[in-house]
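Notes for the structure review
Here is how the chains run, residue by residue.
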Amino acid sequence: MNSMDKLKSDIIVKSPGRINLIGEHIDYNGGHVLPAAIDRKVTMWFRKKENSLCRVNSEDEGAFTFDIKKPLQISDTHWENYVLGVVDGIVKARPQKLGGFDCVISSELPIGAGISSSAALECGVAKGLNDLFDLGLSNLELIEISRMAEHNFVGTKCGVMDQFAVTMGKRKKLLLLNCETLDYKLIDADFGSYKILLLNTNVSHNLATSEYNTRRKECEQALAVIQKDHPQYDFLADVPEATIETYKEKLSGKVYQRALFVSRENARTLKAAELIQNGDIKGFGSLMYQTHEGLSKNYEVSCPELDFLVDLSKDLPQVVGSRMMGGGFGGCTINLVEEGFVNEFMDLASKAYKQKFDINLTSILVATSNGVETINSES
Ligand code: GLA
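As the structure is a computational prediction, the values presented were derived from the model and not from experiment.

What follows deals with the site of the ligand. Arg18, Glu24, His25, Asp27, Tyr28, Cys158, Gly159, Met161, Asp162, Tyr212, Gly326 and Gly327 make up every residue found near the ligand. Taking arginine 18, its side chain carries an N or O atom lying 3.1 Å from an oxygen atom of the ligand. At 2.6 Å from an oxygen atom of the ligand is found a side-chain nitrogen or oxygen belonging to tyrosine 212. Coverage of the ligand by the protein chains reaches 93% of its 300 Å² of free accessible surface. Among the detected pockets, the ligand sits in the largest pocket.

What follows deals with the environment of threonine 246. Summarising the element assignment, threonine 246 is placed in the loop between helix H6 (241-245) and helix H7 (253-277). Look at threonine 246 and you get exposed, because its relative accessible area is 52%. Along the chain, threonine 246 and isoleucine 226 lie 20 residues apart, while their C-alpha atoms are 9.6 Å from each other. Within the structure, threonine 246 has its side chain in polar contact with the backbone oxygen of threonine 243 (distance 2.5 Å).

Glancing now at helix H9 (residues 304-314). Taken together, the buried positions of H9 are Glu305, Leu306, Leu309, Val310, Leu312 and Ser313. The buried side chains of H9 occupy one side of the element, clustering within an arc of 160° when seen end-on. Close packing links the buried residues of H9 with strand S9 (194-204), helix H8 (281-297), strand S10 (319-324), strand S11 (330-338) and helix H10 (342-357).

A few words on the domain arrangement of the chain. Segmentation of the chain into domains returns domain 1 (3-189 + 369-376) and domain 2 (194-366). Taken over C-alpha atoms, the centre of domain 1 sits 25 Å from the centre of domain 2. Contact residues are listed per partner, giving 36 residues for domain 1 and 43 residues for domain 2. Interface area for domain 1 against domain 2, summed over the two sides, is near 3200 Å², with a carbon-plus-sulfur share of 64%. Three residues, Ile22, Glu24 and His25, lead the burial of domain 1 against domain 2; their summed loss comes to 21% of the area buried on that side. On inspection of domain 1 and its partner domain 2, the count reaches one salt bridge. Between arginine 323 and glutamate 24 there is a salt bridge whose closest N-O contact spans 2.8 Å. There are 18 residue pairs in polar contact (both at pLDDT 80 or more) connecting domain 1 and domain 2. Each residue belonging to the side of domain 1 that touches domain 2 can be placed in one class, and the counts come to 14 nonpolar, 13 polar and nine charged.

Hydrogen bonding along the main chain pairs the strands of a sheet, whether they run parallel or antiparallel. Spatial ordering of the open sheet is given by S2-S7-S8, a layout of three strands whose pairing is antiparallel. Here the strands that pair on one side only, and so sit at the sheet edges, are strand S2 (32-33) and strand S8 (184-188). Two strands pair when backbone bridges link them, and strand S7 (residues 173-178) and S8 are joined in this way by five bridges, in the antiparallel orientation. Each residue of the ladder has a partner; that of leucine 174, found in S8, is isoleucine 187.

A word on the packing of H8 against H9. Direction vectors running N to C along H8 and H9 enclose 150°, while the axes themselves pass 11 Å from each other. On the basis of their axis angle, the class for H8 and H9 is roughly antiparallel. Our pair here, H8 against H9, has a crossing hand that is left-handed. Contacts between H8 and H9 involve Tyr289, His292, Glu293 and Ser296 on the former and, on the latter, Leu306, Asp307, Val310, Ser313 and Lys314. Residues belonging to the contact of H8 with H9 are distributed by class as follows: three nonpolar, three polar and three charged.

What follows deals with the sheet that holds S11. Judged by pairing direction, the sheet is antiparallel, and its four strands sit side by side in the order S10-S11-S9-S12 without closing on themselves. Looking at which strands have only one partner, the edges of the open sheet turn out to be S10 and strand S12 (362-366). On average, adjacent strands in this sheet sit at an angle of 20° to one another, irrespective of strand direction. Both S9 and S11 contribute to a ladder of eight bridges, which runs antiparallel.

Rules used throughout
- Residues numbered from 1 in each chain as written.
- Predicted model: local features only at pLDDT ≥ 70, side-chain atom pairs only at ≥ 80, totals over all residues.
- Heavy atoms only, no water.
- Near = heavy atom within 4 Å.
- Polar contact = N/O pair within 3.5 Å; in protein donor to acceptor, adjacent residues only side chain to side chain.
- Areas by Shrake-Rupley, 256 points an atom, 1.4 Å probe, with all protein chains shown as cover.
- 1 Å grid on protein atoms, 1.4 Å probe; cavity = no way out; pocket = protein on both sides within 12 Å on 5 of 7 lines; lining within 4 Å.
- Sits in = over half its atoms within 2 Å of the grid points.
- Helix = DSSP H or I, 4+ residues; strand = E, 2+ residues; numbered from the N terminus.
- Buried < 20%, exposed > 50% of the residue type's maximum accessible area, 1.4 Å probe, protein only.
- Arc of directions from axis to C-beta.
- Contact = heavy atoms within 4.5 Å.
- Domains from an automatic or database assignment.
- Buried area = accessible area lost by both parts, 1.4 Å probe.
- Salt bridge = Lys/Arg side-chain N within 4 Å of Asp/Glu carboxyl O.
- Nonpolar A, V, L, I, M, F, W, Y, C, P; charged D, E, K, R; others polar.
- Pairing = 2+ DSSP bridges.
- Axes fitted to C-alpha atoms, helices over the stretch in contact; angles between N-to-C directions.
- Parallel < 35°, antiparallel > 145°, perpendicular 65-115°, else oblique.
- Left-handed = near helix turned anticlockwise from the far one by under 90°.

Structure, rendered in structure tokens:
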């Protein structure tokens with residue numbers, strides 16, 4: 001199927017990116033996160049074939065083929081692994097049920113921006129194949145298959161937040177997700193006169209994957225030491241800050257800082273969820289600033305470009321909250337900006353950023369939206 005054949009597809013899937021208001025780097029520590037699916041999406045057209053050959057064609061990245069009846073291998077072409085990993089997971093979950101298919105992909109999501117173009121792709125493939133071949137996999141199974149594709153084929157040992165938000169998101173809602181139990185609560189995404197604006201640094205430092213996996217290991221180290229005295233804690237995010245403080249001498253400096261951040265961030269997210277439900281947007285925004293400080297100083301996943309944008313916003317009363325979003329080392333900041341100030345803010349941030357780094361800043365005004373869905377015709 002080439003792009004011209006989109007109209008002849010059997011199904012069309014729309015799979016969104018995600019934002020995360022607060023609760024960063026704690027999904028893999030059993031903490032609480034507050035993400036939402038957004039109105040920027042990847043669209044995928046799927047069609048069944050008579051034989052076992054599959055062809056996947058991304059309008060931006062090009063096409064590749066594979067045989068569904070043969071074992072799937074990790075590809076040298078990075079993006080293909082998001083697709084292959086999911087197909088592999090589905091073949092294993094439902095042996096003999098998949099036949100050949102064609103898929104065309106068109107994306108509105110910038111890559112490396114921290115808005116989870118990767119989870120959008122994974123969950124879109126998972127949903128598309130589930131519906132195309134009538135596999136009957138539940139949403140939780142699709143989420144897990146997508147997450148494991150990232151672990152096993154892409155190599156990032158990610159948590160569950162992105163795939164969960166992309167699959168379960170709801171228009172006008174935030175998801176307060178407990179990553180330990182996967183229980184969640186939908187909260188009104190009501191920010192009053194404030195808009196959610198992403199500022200994309202357009203840098204993506206190549207430390208992102210290796211440092212992400214290192215952070216995960218550091219957190220595991222901290223937990224292993226704490227569990228010797230406190231076996232009741234299954235996850236680092238459950239350990240109270242006061243308990244972590246008693247380990248200052250027993251953990252290495254960095255590992256101690258990571259643990260401190262995780263405990264504080266979990267508490268902050270629960271507090272932030274309360275504040276937003278009480279309409280306290282300013283209080284919510286000040287917690288976003290605290291999160292950034294922790295991610296930058298204790299967790300060390302920020303970078304000069306992100307810090308610059310957050311610092312710049314601190315002097316502007318019309319911006320009530322700003323922080324880096326997602327895995328870090330580049331990508332976007334998420335900002336709560338007074339509606340009437342959005343254009344001016346984009347303008348002044350772009351100019352200052354260009355002057356400082358000689359890089360063009362791009363901005364994305366987002367709204368929350370439904371998670372991945374199959375539609376029958378183009379809408
Ligand atoms: C990436 C991962 C998520 C999460 C965030 C940081 O987006 O895929 O699982 O850990 O980083 O909060």
